Amino acid sequence: MTALSFPSAPAGPPPALLATTTSRRRLMACAAPDLASHLALVGPLPDAARLPGVRVAELAAEAGLTGRGGAAFPTGRKLASLGEAVRSGRPPVVVANGAEGEPASSKDHALLAHAPHLVLDGLALAVRAVTGAVGSSAGGAEAHLYAPAEVVRTLAPLLVERAAAGVDEVAVRSTAAPDRFVAGQSSAVASAVAGGPALPRTPWPPPRLVGAGTAQRPGRPTLVMNVETLAHLGLLARLGASWFRSVGTDDEPGTRLVTVSGAVRTPRVAEVAGGAPLADVLSAAGGASEQLSALLVGGYHGGWVPFGERAPHTASLPHSGSALAPWGADPGAGVVIALPSRACGLRAGADVARYLAAQTAGQCGPCVNGLPTLAEHLEALADAGAAVPSRQHSREGLARRVHELHRVAGLVDGRGACHHPSGSVRLVRSTLMTFADDVQAHLGGRCLAREER
Amino acid sequence: MSAVERLHVDWTRCDGRGLCTELLGELLAEDDWGYPVSTTGEVAPAVPRRLQRAAHLAVGECPRMALSLRPAP
């Protein structure tokens, strides 16, 4: 995968300008390589007297901040949810999750490379929120940075720098995340920072209540938050909820980082207003480089939205959960992949399905068996439209495969310890729905994308 | 009258031994690969009163300790 980065920009605006501007560049305006330049740019965090823990969670709720790792869970509620477990006397664990297992996403990597201190500020605030909620000191709480090994290595000096400056109540430890799709699922993260394997666990009881325990060491309530969510929290704490809401829409307030790739002029990580029209999201990457037929929105666990000549109306469709729901998509972790008209959507869907099948952690039967079955049927359907199919296909055989795709998708959906089987099913169902005309063409040995060329 | 319970499978433990589908055939069938799948269409089926005894038996007999009953939320 090619690492994308923020486009080079002059040093960001001073804090006063940041506070008044309605620019969409917020996180991206905070690029600072070291603590001194970070503090010069955005100022210190308000201390616990001015911004007590309970206010941190309230502020996130007032701002309408939601998780940027994919699930879009309300951050305020998440921060408040540890209260009960922590009140029972077990010190909490808070994790900044930068694992970013999604191959089409680079925004967390780019953020950690350019504005790491903003993320670590957010982590400090989350620790304050979950410990401050009980009015105790942070005694016993743990803060973790969970990210790919090379990121952990690069950021090690920063953690030393922060410890020396005494900016964090709780020193941050780091844990290397393995390079696999499911390593960023929250139960896998909770397990990894507790010293176990980075594999999803059964989601009950949830990690936020019990963490990931071992025989030697009982679990502790564990809060896993995406690094971009934490960076927003770091700015929000300084500038307030109404500042946060001054960009974006009512249901998608603030900005979000997106990774735009595929058939666009300048594939890159960009920051866009929440709920921006899909055409604007593409423009942030220089716009389409050729005629498009669809966008894969939300990543490999996301959905296809028809786009371009086939569906002129979706150019103005908001990049929001509610607007994208009819297509089985949501903004997810901000991934947008532009599919050119000359590429077959069924082939693209089959390639993603095959990748997802290979990324099963191998723990849950319906996922281990179901995902390869789905990939095989989708691959055969894609192959039937090829100029020279790799084997013979009958219309009846292909129609049976389409029926099997729907039936097996129903067998896999929801039947696993993590979101991987359900997310994979969503991609398969969306492929069949958005490319329904392509399915009909392939049943007869034709391919709409081939006819476009 | 006791609260409604739902039958949950810990998929990281289940390896499709099949005892539960025998003991609780009205609620669980085998899927294409031999793993228990609810006959009601729910991922975690609600257990009707008359099947409560059989459900508790299935939970107790699962050799992988993969089945559990939890109060419905």
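Structure: above.
Quick look at the structure, then. Sequence order as written defines the numbering, with residues in each chain counted from 1. Written order decides the labels, with chains lettered from A and ligands numbered from 1. Given that the model is predicted, a residue must reach a pLDDT of at least 70 before its local features are reported, and side-chain atom pairs must reach 80 or more before they are shown or counted; all residues, however, enter totals for whole chains, interfaces and linings. Calculation of side-chain values draws on the structure's entire complement of heavy atoms; hydrogens and water are dropped beforehand.

1. Quick notes on the packing of aromatic side chains
All names here are of chain A. Aromatic pairs are defined between Phe, Tyr and Trp rings, using the six-membered ring for Trp, whenever the two ring centres lie within 6.5 Å; interplanar angles under 30 degrees are classed as stacked, those over 60 as edge-to-face, and all others as tilted. Overall, the coordinates contain 3 aromatic pairs over all chains when judged by the stated rule. For the ring pair Phe181 and Tyr355, a centre distance of 6.0 Å and an interplane angle of 75° mean the geometry is edge-to-face. Of this pair, Phe181 sits in the loop between β3 (172-177) and α9 (186-193) while Tyr355 sits in helix α15 (residues 345-358); the two residues are 174 residues apart in sequence, bridging distant segments of the chain. Between the aromatic rings of Tyr300 and Tyr355, the centroid separation amounts to 5.4 Å while the plane-to-plane angle is 80°, which identifies the pairing as edge-to-face. Of this pair, Tyr300 sits in the loop between β7 (292-297) and β8 (303-306) while Tyr355 sits in helix α15; the two residues are 55 residues apart in sequence, bridging distant segments of the chain. Any residue under 20% of the maximum accessible area for its type is buried, any over 50% is exposed, and the rest in between are partly exposed; the area is computed with a 1.4 Å probe on protein chains only. Taking the relative accessible area as the measure of exposure, Tyr300 reaches 17% and is therefore buried. A residue is classified by how much of its surface remains accessible, and Tyr355, at 26% relative accessible area, is partly exposed. Runs of H or I in DSSP of at least four residues are treated as helices and runs of E of at least two as strands, each being numbered from the N terminus.

2. A look at the pairing of β8 of chain A
Residues and elements named next belong to chain A. Neither face of β8 is open: one carries Gly303 and Val305, the other Trp304 and Pro306, and all of them are buried. Where β7 meets β8, 4 bridges bridge the pair, whose relative direction is antiparallel. By the bridge assignment for β8, Leu295 is matched with Val305. Hairpin geometry of β7 and β8 is characterised by an intervening segment of 5 residues between the two adjacent antiparallel strands and by a positive phi of about 95° at Gly298. At least two bridges found by DSSP between two strands is the condition for calling them paired.

3. Some thoughts on the interface of chain A and chain B
Accessible area lost upon the coming together of the parts is a frequently used measure of interface size. Note on definitions: a residue-residue contact is assigned when non-hydrogen atoms from the two residues lie within 4.5 Å. At the interface, 19 residues of chain A touch 11 residues of chain B. Here chain A packs against chain B, burying approximately 1300 Å² in sum over the two surfaces, 62% of which is carbon and sulfur. Any Lys or Arg side-chain nitrogen found within 4 Å of a carboxyl oxygen on Asp or Glu counts as a salt bridge. Counting across the chain A and chain B interface gives 2 salt bridges. With its nearest N and O atoms 2.6 Å apart, the salt bridge here joins Arg407 of chain A to Asp32 of chain B. Polar contacts, as counted here, are pairs of nitrogen or oxygen atoms within 3.5 Å of one another; within protein the pair requires one atom able to donate a hydrogen and one able to accept it, and residues that are adjacent in sequence qualify only if both atoms are side-chain atoms. Linking chain A with chain B are 3 residue pairs in polar contact (both at pLDDT 80 or more). Contributing elements (two or more residues each) for the side of chain A that touches chain B: α16 (365-383) and α17 (395-412) of chain A. Among the elements that make up the side of chain A that touches chain B, the one with the highest residue count is α16 of chain A (5 residues). Here the residues of the side of chain A that touches chain B sort into 8 nonpolar, 8 polar and 3 charged. A quick way to say it: buried area is the sum, across both parts, of accessible area lost when two parts are put together, with a 1.4 Å probe. Each residue receives one of three labels: charged for Asp, Glu, Lys and Arg, nonpolar for Ala, Val, Leu, Ile, Met, Phe, Trp, Tyr, Cys and Pro, and polar for the others, Gly being one of them.

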